[in-house]
Every structure is written in structure tokens, then in C-alpha cells.
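# Coordinate analysis (summary)
If you want the building blocks of each chain, they are given just below.
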Amino acid sequence: QQQVKQSPQSLIVQKGGISIINCAYENTAFDYFPWYQQFPGKGPALLIAIRPDVSEKKEGRFTISFNKSAKQFSLHIMDSQPGDSATYFCAASAASGAGSYQLTFGKGTKLSVIP
Amino acid sequence: DARVTQTPRDKVTEMGQEVTMRCQPILGHNTVFWYRQTMMQGLELLAYFRNRAPLDDSGMPKDRFSAEMPDATLATLKIQPSEPRDSAVYFCASGWGYRGQYFGPGTRLLVL
């Protein structure tokens, strides 16, 4: 019930291409969906987040697409650059109930952008 | 630029020793989280606090781990006695409601 399933586990994209990472959840109480970016030796950094009242949010080259009925959300990285090579985590949390604001993380996707 | 700080950044210790990790959350944040990250398990939530009160520590092995928040500027995670399987990177994060969680740089722990 609390799981967030993330795919793929790893992704190789050519420079300039589009990177797409998908996540699915079961708990309908989730109402906040952030993505984190982690470089080796660093802590995860909040990248972009979405609430379920919108279907898409864009910040620069990063876009979250959200499908409430399918309980799925995805991260799209446009014009992928070698500097985007990192591990990306999706997450979800609920505003109320047991564990409110506690993030449930996906297992992560290791993205490699090759020149 | 407000950041979560953690000390020490690296710790090597022998099995059976006590380990204390410290975290200074971002000023004004009311929730503090402790995570452990390993290759096998990914990011695991160990414990979290809201307004300094412990809300959930179900992710921690209670017999050896303890987490406290003695004041609003300091959170501690203690392992006693440490075991080789505790080797991991431990992250502290702080947040405020829907404004997301902001992670510190982590403490890399190696128990020999």
C-alpha cells in the first residue's frame, strides 16, 4: 500500500535526447509527489514536485507529468546533458493520517547521458 | 543559502563502539528525518520528528539505535553497539509541510 514503484532501474540516453522515468503508486491518500536528484557522494536534492490538482509541471528542462486516474507520474528531462547524469528518485507523501508528510521513495533510476 | 549540516562526514569505527551522528536542520523547519542509504535497500526512513517530538521510529532497530532532538537546532542519531551491517550513508533531512524535504550531505559510516 505504501510502495512507490519506479522504472527503469537504469537508463542511458544520448546527449540532447529525452530521458523519461516512470513511477506508480497505490496509496490514494498520497497528494504530494517530488523528484529528487542525487550525485555520487552527495545527498538527494529536491528537483521538482507536483500536487495532484495539476497534470503537468515544468521547470526549465524538467517536466513532471501526472495521471491521477492511473496513479502514475513521470519525470521528463528534455535536451539531456552529461551533467544530468545522476540517480533520480521519485517519492510521495500524504498530508494526513499516520506518517503524514513522510516520504515514500522509489528505488531510484541511474541516468547516464553519453556525449 | 540555508542548508542542512551533518557531522561527521565520514566515520570509521570498530564493531561494538558507539557512534553518534549530528544534524543541524534548516532554521524554521519543523520536521526532521533520519534516513539510511545502502546499495541493497536504497533509502530507508529510520525516524522522524515534528516540532522536536518523535513521531515514528519504526524503521530503527530499537535495541541499538536511538534518535533524539534535544533542541530545535540539533538532532542526533546514536548507534550502540555498532555492527558491520550498520555500514551505510546516513542522511538527515528537514522540512516544513509541503515544501519538501531538504537533505544534508550525509555521514558515511564504516563499521569494521
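For the structure, see preceding data.
The model shown is predicted, which means the values in this text are computed figures rather than measured ones.

### Describing the sheet that holds strand 1 (residues 4-7) of chain A
All names here are of chain A. In spatial order, the strands read 1-3-8-7-6; together these five strands make up an open sheet with antiparallel pairing. Among the strands making up the open sheet, the edge pair consists of strand 1 and strand 6 (56-59). Taking each pair of neighbouring strands and ignoring which way they run, the sheet shows an average axis angle of 15°. Two strands pair when backbone bridges link them, and strand 7 (residues 62-67) and strand 8 (residues 72-77) are joined in this way by six bridges, in the antiparallel orientation. Directly across from Ser 65, in strand 8, lies its bridge partner Ser 74.

### As for the pairing of strand 1 of chain A
All names here are of chain A. Every second residue of strand 1 is oriented toward a common face, the buried set being Val 4 and Gln 6 and the non-buried set Lys 5 and Ser 7. Pairing of strand 1 with strand 3 (residues 19-25) involves four bridges; the strand directions are antiparallel. By the bridge assignment for strand 3, Ser 7 is matched with Asn 22.

### Section: the sheet that holds strand 7 (residues 65-71) of chain B
Residue and element names in this part refer to chain B. The strand order across the open sheet formed by four strands is 1-3-8-7, and the pairing between neighbours is antiparallel. Here the strands that pair on one side only, and so sit at the sheet edges, are strand 1 (5-7) and strand 7. Between one strand and the next, the sheet's axes are offset by a mean angle of 20°, whatever the strand orientation. Two strands pair when backbone bridges link them, and strand 1 and strand 3 (residues 19-24) are joined in this way by three bridges, in the antiparallel orientation. When the bridges of strand 3 are listed, Thr 7 appears paired with Arg 22.

### Notes on the side chain of Thr 63 of chain A
Tracing the backbone through its elements, the reader meets Thr 63 of chain A in strand 7. Beyond its immediate stretch of four places on either side in the chain, Thr 63 of chain A contacts Glu 56, Lys 57, Lys 58, Ser 74, Leu 75 and His 76 of chain A.

### Notes on the packing of aromatic side chains
Counted according to the given criterion, the structure contains 17 aromatic pairs over all chains. Each ring, one from Phe 105 of chain A and one from Phe 103 of chain B, has its centre 6.1 Å from the other, and the planes form 75°; the classification is edge-to-face. In this pair, Phe 105 of chain A sits in strand 10 (residues 104-105) while Phe 103 of chain B sits in strand 10 (residues 101-103), so the two residues belong to two different chains. For Phe 105 of chain A, a relative accessible area of 11% puts it in the buried group. Members of the aromatic cluster, each reached through a chain of ring pairs, are Tyr 36, Phe 89 and Phe 105 of chain A together with Phe 33, Tyr 35, Tyr 48, Phe 91 and Phe 103 of chain B.

### Considerations on the pattern of salt bridges
By the definition in use, this model includes nine salt bridges over all chains. Between Lys 57 of chain A and Glu 59 of chain A there is a salt bridge whose closest N-O contact spans 3.7 Å. Judged by relative accessible area, which is 38%, Glu 59 of chain A ranks as partly exposed. The partner of Arg 64 of chain B in a salt bridge is Asp 86 of chain B, and the shortest N-O contact between them spans 2.6 Å. Separated by 22 residues along the polypeptide, Arg 64 of chain B in the loop between strand 6 (53-56) and strand 7 and Asp 86 of chain B in the loop between strand 8 (74-79) and strand 9 (88-95) bring together distant segments of the chain. Asp 86 of chain B shares its class with Arg 64 of chain B; the two are buried. Residues joined in a network through salt bridges with shared partners are Arg 64, Glu 83, Arg 85 and Asp 86 of chain B.

Definitions and limits used
- Residues numbered from 1 in each chain as written.
- Chains lettered and ligands numbered in written order.
- Predicted model: local features only at pLDDT ≥ 70, side-chain atom pairs only at ≥ 80, totals over all residues.
- Heavy atoms only, no water.
- Pairing = 2+ DSSP bridges.
- Helix = DSSP H or I, 4+ residues; strand = E, 2+ residues; numbered from the N terminus.
- Axes fitted to C-alpha atoms, helices over the stretch in contact; angles between N-to-C directions.
- Buried < 20%, exposed > 50% of the residue type's maximum accessible area, 1.4 Å probe, protein only.
- Contact = heavy atoms within 4.5 Å.
- Phe/Tyr/Trp six-rings, centres within 6.5 Å; stacked < 30°, edge-to-face > 60°.
- Salt bridge = Lys/Arg side-chain N within 4 Å of Asp/Glu carboxyl O.

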